[in-house]
Amino acid sequence: MMNQSKHGIPIRTKRIKRWIFFFSLYFFCLFCAFSSELANPKSYFLKVWIEPESSEISVQGKLNIHLKDPLLEKFHFNLHGTFQINKLKINGLTAEYIHKKNNPQSVYPCTKQTTVRLPEKSKAKPVRMEIEYHGKLENIPEFGSYKDQKWALDDQINSRMIELANYSCWYPLFTFGNRFDINLELSLPISWKCVCSGEKTKRWKEGQRVFSCWSSVKDTDIVIVASPQLKLESYRVDDVNIHVYHTQLPESFIAKDIKQIQQTANLFTSLLGKTVLPGGTVKHVFSPKQKGQGGAGIARPGMIVTSEGLTLKSLKKDPDYSLFHGIAHEIAHFWWSFGAGQGDWINETFAEYFSSVAEQRIISEEIFQNNLNKYRSLTNSLPENAPPLSIVPFEGGRVNYIVRYYKGSLMLDCFRQQIGDSAFFKICRDFYQTFHEDLIGTPEFRAFWEMKLGKKKVILNKWLDSDGGVPITIGNRLMLL
Ligand SMILES: [Zn+2]
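A brief structural summary.

## What about the nonpolar core?
Core analysis: the biggest nonpolar cluster contains 112 residues, and Val223 and Ala332 have the highest contact counts within it. When residues in this core are grouped by element, the largest group, 9 residues, is from helix 7 (residues 397-419). Composition of this core by domain shows at least three residues from each of domain 1 (39-226) and domain 2 (336-481). Other than its neighbours up to four places away in sequence, Val223 contacts Leu164, Ala165, Cys196, Ser197, Arg300, Met303 and Val305.

Laid out in C-alpha cells, this is it:
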C-alpha cells in the first residue's frame, strides 16, 4: 500500500513531482546575470500605461542612481530589445546614449544594453535619471512551449493577461540581486485586475481606466501580473496576511496552499526570526499563463509567482497535487537572499535545505530522508572535476546546479549531524541575523561558519574546497577526515 503523508497525499506521487520541480528551479533564482558594477539604482518611480489589446506599454520613469566611482563618465543598463526611448535626462540635462543588442541569454532572450554618457554639467550626486520609453515585447513563447525550445520568455502583454518581471528587462535593469525601493503607478483598462511588487497603497478609476499605486522597499524586481479574471483570496493568520491570486483554481487547492504557506512561514520564522515582508503580506500569485517556468515559479520579497496553467494540468492528472517542496523553497528565499554573485549558491543551498527541513518538520521524516538520498545520489553523480562550492559559478547548467543546490544542502546536513539540531539552527539564525541586510559571498560564509564550528571547521573547508561529489563517504554515511 502506498504511504500517505499527513495531508493524505500519496508520498510516491509527491516524490516524483518534487524531482521534476528541482530541475526547473534553475531558472527562478538567478542573481547578478548582468553585472553592472559601476552604477546601481537606489529607487525607481515608474508610471506605467498598458494597452493589453494592442500589447503596448509606455513608461515614464525617474531613477536615483548610485555611482560607485564619482568620476564615472558613463554607465549602462539593460532594456527590452525592441523598446524605443523617447526621452533620457540626467539631473535635468538631456543625455547622449547608445544601444547595443545583447547576445540572448537563457532567461534574458531579448535585451539591449543602453550606455548613457553623463552630461558635463550634471556632476551633482546622486544621479537622477528621467526616462520615457514605449514599445511591444518581442513575441517569444513561454518556457516549456515546445520541445527543444531555444529561447523562452514568460513576460507577456496580450488581451488575455500580463506578466512582467526582470526577464524581459521591461524596466531599466542594472544588476539583478541589487536592492532598491519602488514606487509604481499602473494604468490598465477598467475591467482589469492586477497584483504588483510590494504593497498596494491606492486604487482609483478615471474614465475607462483603473489606476493603482504600489510601493516596496529593498526589493529586487518589479513584477506585474494582471488579467480581467484575476481573483484575490485573502487570509490573515497571526500577524501575516496571505493573499492568493488566481483565476480558476479549485477552493480545496487554495485552502491547502494557504495552509502550506502558513505552516512553512511560521516554521522559518521560529527557526530564523522575522523577515521583511512588504505590507506584512505573503502573496502567492498564480499567473494565468499556459506553460512557463515550472514548479513553484519565481520568488521575490514577499511574493511567489507560479504558473496557473501548469498547476491546473498537474491537478488534472492528480487531484492531490501539492506544491509543498517548491513553495517551501521559494518561501525560504524570503530569508535566504543575501548571497550575491558567485555567493548565490548560499541562497540556493539554504533555501533547498530549509525546504527539506520544512518537509521533515511538517510532513514526515521519511520524505526528508528521501530528499537526502536524492541529494547524495545526484551529488555522487558529479564528475571528478565538478567545481567546488567555493568557486562554483553562478551559471553553467546541470553540474553547477547540483553543486549549488544539493552538494550545498548535504554540507549543511553534515554540519547538523556533527553539532546537533539545537546548535545548528542557532548558527543558521545568527548567520541570517548577521548578514541579511548585506550582500555577501563565499569568504564571508567561510569566516562566519569557521568561527562558529570551532574545531570542526575542517569539515567546512573540506566541503567548500573539494572538487566533484560528496567529499568522503562510507556507504551512505558522511565521514570526517
Ligand atoms: Zn531558489
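## What about the packing of helix 5 (residues 344-362) against helix 7?
Between helix 5 and helix 7, whose axes approach to 8 Å, the crossing angle comes to 65°. Note that helix 5 runs across helix 7; the crossing there is right-handed. Contacts from Trp345, Glu348, Thr349, Glu352, Tyr353 and Ser356 of helix 5 reach helix 7 at Arg404, Tyr405, Gly408, Ser409, Leu412 and Asp413. Within the contact of helix 5 with helix 7, the residues separate by chemical class into 4 nonpolar, 4 polar and 4 charged.

## Regarding helix 5
Residues three or four positions apart in an α-helix share a direction because the helix packs 3.6 residues into each turn. Compared with the 27 Å implied by 1.5 Å per residue over 19 residues, the 27 Å span of helix 5 between its first and last C-alpha is a close match. Along helix 5, 16 of the 19 residues are buried, which leaves the element largely enclosed by surrounding structure.

## A few points about unusual backbone geometry
Although it is not a glycine, Ser55 adopts a positive phi angle of roughly 65°. C-beta crowding within 10 Å serves as the criterion here: with 16 such atoms nearby, Ser55 is assigned to the partly exposed category. Look at Asp148: it is not a glycine, yet its phi comes out positive at around 55°. As for its placement among the helices and strands, Asp148 is situated in the loop between strand 8 (127-136) and strand 9 (156-157).

## Digging into the sheet that holds strand 15 (residues 224-227)
Strand pairs in the sheet, formed through backbone hydrogen bonds, run parallel or antiparallel to each other. If you trace the 4 strands from one edge of the open sheet to the other, you get 9-10-15-12, paired in antiparallel fashion. The strands lining the two open edges of the sheet, one partner per strand, are strand 9 and strand 12 (193-196). Note that strand 12 and strand 15 share 4 bridges and pair antiparallel. Looking across to strand 15, one finds that Cys194 is bridged to Ala226.

## Topic: the sheet that holds strand 3 (residues 74-80)
Strand order in this open sheet of 3 strands is 3-7-6, and the pairing throughout is antiparallel. The sheet is open, and its two borders are formed by strand 3 and strand 6 (96-101), each paired with just one other strand. Direction aside, neighbouring strands of the sheet carry axes that sit 25° apart on average.

## Considerations on the pairing of strand 2 (residues 56-67)
One ladder, built from 12 bridges, connects strand 1 (residues 39-51) with strand 2; its direction is antiparallel. Within the sheet, the bridge partner assigned to Ile50 lies in strand 2 and is Ile57. The hairpin turn running from strand 1 into strand 2, its antiparallel successor, is 4 residues long, and Ser55 in that turn takes a positive phi close to 65°. Across 10 bridges, strand 2 lies against strand 8 in antiparallel orientation. Residue pairing in the sheet places Ser58 in a bridge with His134 of strand 8.

Rules used in this analysis
Residues numbered from 1 in each chain as written. Predicted model: local features only at pLDDT ≥ 70, side-chain atom pairs only at ≥ 80, totals over all residues. Core = buried A, V, L, I, M, F, W, Y, C linked by C-beta atoms within 7 Å. Buried ≥ 20, exposed ≤ 12 C-beta atoms within 10 Å, placed from the backbone. Helix = DSSP H or I, 4+ residues; strand = E, 2+ residues; numbered from the N terminus. Domains from an automatic or database assignment. Contact = placed C-beta atoms within 7 Å. Axes fitted to C-alpha atoms, helices over the stretch in contact; angles between N-to-C directions. Left-handed = near helix turned anticlockwise from the far one by under 90°. Nonpolar A, V, L, I, M, F, W, Y, C, P; charged D, E, K, R; others polar. Expected span 1.5 Å × (residues − 1). Pairing = 2+ DSSP bridges.

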